[in-house]
Amino acid sequence: MEFAWNEAEEAYRAELREVIATLPGDWWDAYAPHGPSSPRLMEHARTFNARLAARDLIVRHWPREYGGQDASAWQQIIISEEMWSIGEPRSSLYLGANWAGPAIMKFGTAAQKQKWLRAIAGGELLWCQGFSEPEAGTDLSNMKTRAEPVEGGYLVNGSKIWTSYAARADVMFLLARVGGKGKGGVSCFLVPMDTHGIEVRPIPGVHSRWDFHEVFFTDAFLPADALLGEEAGGWTIVQTIIHYERIGAGRYEKARRGLDHVVGRLKERGVWDDPVVRADCAAALALVEAARLQTYLVIDGRAKDSDPGAETYLARFAMIQADHAVANLSSAYLPDLLVDGADGHLRSQFNSAITAGIAAGAAEVQLNMISGRHLGLPRGA
Ligand SMILES: Cc1cc2nc3c(=O)[nH]c(=O)nc-3n(C[C@H](O)[C@H](O)[C@H](O)COP(=O)(O)OP(=O)(O)OC[C@H]3O[C@@H](n4cnc5c(N)ncnc54)[C@H](O)[C@@H]3O)c2cc1C
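About the cut-offs
Residues numbered from 1 in each chain as written. Predicted model: local features only at pLDDT ≥ 70, side-chain atom pairs only at ≥ 80, totals over all residues. Heavy atoms only, no water. Helix = DSSP H or I, 4+ residues; strand = E, 2+ residues; numbered from the N terminus. Rg over C-alpha atoms; globule rule 2.2 N^0.38 Å. Buried < 20%, exposed > 50% of the residue type's maximum accessible area, 1.4 Å probe, protein only. Contact = heavy atoms within 4.5 Å. Areas by Shrake-Rupley, 256 points an atom, 1.4 Å probe, with all protein chains shown as cover. Disulfide = S-S within 2.5 Å. Axes fitted to C-alpha atoms, helices over the stretch in contact; angles between N-to-C directions. Parallel < 35°, antiparallel > 145°, perpendicular 65-115°, else oblique. Left-handed = near helix turned anticlockwise from the far one by under 90°. Near = heavy atom within 4 Å. Polar contact = N/O pair within 3.5 Å; in protein donor to acceptor, adjacent residues only side chain to side chain. Nonpolar A, V, L, I, M, F, W, Y, C, P; charged D, E, K, R; others polar. Domains from an automatic or database assignment. Buried area = accessible area lost by both parts, 1.4 Å probe. Salt bridge = Lys/Arg side-chain N within 4 Å of Asp/Glu carboxyl O. Pairing = 2+ DSSP bridges. Core = buried A, V, L, I, M, F, W, Y, C linked by side-chain atoms within 4.5 Å.

A.B. asks: Describe the overall build of the chain, and please don't skip the residues or the numbers.
C.D. replies: Per the secondary structure count, the chain includes 12 helices and eight strands. Taken over the C-alpha trace, the chain has a radius of gyration of 21 Å; the compact-globule value for 381 residues is 21 Å, and the two agree within 12%. Of all 381 residues assigned to the chain, the portion counted as buried reaches 54%. Looking at the chain alone, contacts between residues at least 24 apart form 73% of all its contacts between residues at least 6 apart. If you sum the accessible surface of the chain, you get close to 16700 Å²; carbon and sulfur atoms cover 53% of it.

A.B. asks: Can you explain the state of the cysteines? Please cite residues and give values.
C.D. replies: Here a disulfide denotes one covalent bond, and it connects the sulfur atoms of two cysteines. Scanning the entire structure with this criterion turns up zero disulfides. Counting only cysteine sulfurs, Cys188 is the nearest neighbor of Cys128, a cysteine outside any disulfide, at a range of 14 Å. Cys128 gets classed as buried once you look at its relative accessible area, which sits at 0%. Take Cys188: its relative accessible area is 0%, and that puts it in the buried class.

A.B. asks: How would you sum up the packing of helix α1 (residues 7-20) against helix α4 (residues 73-84)? Please name residues and give values.
C.D. replies: Running from N to C, α1 and α4 point in directions that differ by 30°, and their axes come no closer than 10 Å. The angle between α1 and α4 places the two elements in the roughly parallel class. You can see that α1 and α4 cross each other, and the crossing is right-handed. Across the interface between the two elements, Ala8, Glu9, Tyr12, Arg13, Leu16, Arg17 and Ile20 from α1 touch Trp74, Gln75, Ile78, Ile79, Glu81, Glu82 and Met83 from α4.

A.B. asks: Explain the site of the ligand to me, and be specific about the residues and the numbers.
C.D. replies: Contacts to the ligand come from 17 residues, most closely from Gln129, Ser132, Thr138, Glu364 and Asn368. In the environment of the ligand, an oxygen atom lies 3.0 Å from a nitrogen or oxygen atom belonging to the backbone of Phe131. Between the ligand and Asn368, the relevant distance is 2.8 Å, taken from a nitrogen atom to a side-chain nitrogen or oxygen of the residue. Its free accessible area being 970 Å², the ligand has 66% of it covered by the protein chains. Looking at the shell around the ligand residue by residue, the class counts come to six nonpolar, nine polar and two charged. Residue contributions to the shell around the ligand reach at least three from each of two domains, namely domain 2 (129-232) and domain 3 (247-374).

A.B. asks: Which residues make up the domain arrangement of the chain, and what are the values?
C.D. replies: For the chain, the assigned domains are domain 1 (7-125), domain 2 (129-232) and domain 3 (247-374). In this complex, domain 1 contributes 18 residues to the contact, which on the side of domain 3 involves 23 residues. The junction of domain 1 with domain 3 conceals about 1800 Å² of combined surface from both sides, 59% of it contributed by carbon and sulfur atoms. Across the contact surface, domain 1 and domain 3 share two salt bridges. Here Glu82 and Arg257 are joined by a salt bridge, their closest N and O atoms 3.1 Å apart. Linking domain 1 with domain 3 are eight residue pairs in polar contact (both at pLDDT 80 or more). In terms of residue count, α4 provides more of the side of domain 1 that touches domain 3 than any other element does, eight residues in total. When its residues are assigned to classes, the side of domain 1 that touches domain 3 shows eight nonpolar, six polar and four charged.

A.B. asks: Can you explain the side chain of Ser92? Please cite residues and give values.
C.D. replies: Considering the arrangement of structural elements, one finds Ser92 in the loop between α4 and α5 (93-107). With relative accessibility at 0%, the residue Ser92 sits in the buried group. Within the local environment of Ser92, its side chain forms a polar contact with the backbone oxygen of Trp127, the two atoms lying 2.8 Å apart. Residues contacting Ser92, with those up to four places away along its chain left out, are Met42, Leu126, Trp127 and Tyr165.

A.B. asks: Could you give me a rundown of the pairing of strand β4 (residues 171-177), with the residues and numbers involved?
C.D. replies: Within β4, seven of the seven residues are buried, leaving the element largely enclosed by the surrounding structure. Residues Val171, Phe173, Leu175 and Arg177 of β4 are buried on one face, and the alternating residues Met172, Leu174 and Ala176, pointing to the opposite face, are buried as well. Relative to β4, strand β1 (residues 127-130) is paired through four bridges, and the arrangement is parallel. Along β4, the bridge assignment pairs Cys128 with Met172. The sheet contact formed by β4 and strand β5 (residues 186-192) spans seven bridges and is antiparallel. Within the sheet, the bridge partner assigned to Met172 lies in β5 and is Val191.

A.B. asks: Tell me about the environment of Trp272, residues and numbers included.
C.D. replies: The topology assignment puts Trp272 in the loop between α8 (251-268) and α9 (275-303). Through-space distance from the C-alpha of Trp272 to that of Thr47 is 40 Å; in sequence the pair is 225 residues apart. Apart from residues no more than four positions distant in its own chain, Trp272 is found in contact with Val263, Leu266, Lys267, Val277, Arg278 and Cys281.

A.B. asks: So what's going on with the nonpolar core? Which residues, and what values?
C.D. replies: Trp127, Phe173, Leu174 and Phe189 are the most contacted members of the largest nonpolar core, which totals 86 residues. At nine residues, α5 tops the list of elements feeding residues into this core. Judged by nonpolar contacts, the second largest core, of 30 residues, contains Ile77, Ile299, Leu334 and Leu346.

A.B. asks: For helix α11 (residues 344-354), give the residues involved together with the corresponding values.
C.D. replies: Each turn of an α-helix holds 3.6 residues, which means side chains three or four residues apart point in the same direction. The buried fraction of α11 is high, at nine of 11 residues. Inspection of α11 places Gly344, His345, Leu346, Arg347, Ser348, Gln349, Asn351, Ser352 and Ala353 among the buried residues, and these make up the whole buried set. Looking at the buried positions of α11, the neighbouring elements they touch are α2 (27-31), α8 and α10 (311-333). For α11, the N-terminal capping position is held by Asp343, with its side-chain oxygen 3.1 Å away from the main-chain nitrogen of His345.

This is the structure in structure tokens:
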């Protein structure tokens, strides 16, 4: 087995780093600490994404006909590592590149592929994800937002909550119910955010003032071609998306670079010789590298076109543990550096770790999936 990156992969990473080198000098302090949904980062992302697109760097792993270069799935994890580890300067372009795009590729009509995939590859779109509702987070199938069929399309009524990026995104990947109960009736829509009848209200969060939103739909008309896949066939699409979404962000790499930064700070403060500090850092390093290997296992399957399995949930849970372990070091040994303006790099890692066990599926839910699908334990055991 070959564990090293090949020449093309190394060259791709080097190209990405050339574009990363164009980020503003005060990136860590002024842009990154409040996450990829902060207004300043989102605004900058439009310039940054155009630079990536100009060098065809965004979706190298996609087929050429959709704007890619037929590269392997490994190149997708390379861009995720490089971007997420520095606070995701693409902002929510990554939602399109990681999972909305693949969903459109698999379930979209020819016209939808033409319209959306080129725009993602061209770095033109910032996305948001309209899944969660007040009574439908973990239990997503309990969603109530309705899309009522009318002449020429659908009228959407209802609301979404915790929607990241919504205030500044161009398009939402929306789940709404066209009749039915539970998983039946759930349908997927691609919705421009300037659609009449959509109202976005921010919800300040502990990790970021700008991340969360409520999104209200009041008789918002969507044309028939906004529907992705079959009417009421959205649950199959959701199942596909989840595998891409859960490990789409290179969280272990952000944790790793965060850990290196923590160690640098501890050395500066002269506490690195303390055996307890070293043991804690070593334990965090073990968790970070375990998460990396679990993720690579999933990517290896993807590169070989295997069906996704329970490994995704193992990788996701491992990433959560890695994120938490590094954030715990910051709060235990360097709490004074976590205040605004003290150390943007540390703050950025800490803030994303706060939400790691909830966003993209709660940690306990990953454990449920692992117990059932990986270990084969009976439900409720
Ligand atoms: C930073 C962040 C960004 C987000 N961005 C988006 C977004 O862009 N779009 C979007 O649609 N949503 C988004 N969410 C929402 C997120 O998907 C939900 O918070 C998540 O699915 C959990 O749902 P909930 O908040 O309703 O909590 P609940 O489902 O009510 O869960 C609350 C607690 O109960 C536990 N629990 C629930 N059911 C079970 C079970 N069956 N077994 C064991 N434990 C259980 C959970 O683990 C959790 O600890 C975001 C959340 C965060 C934190």
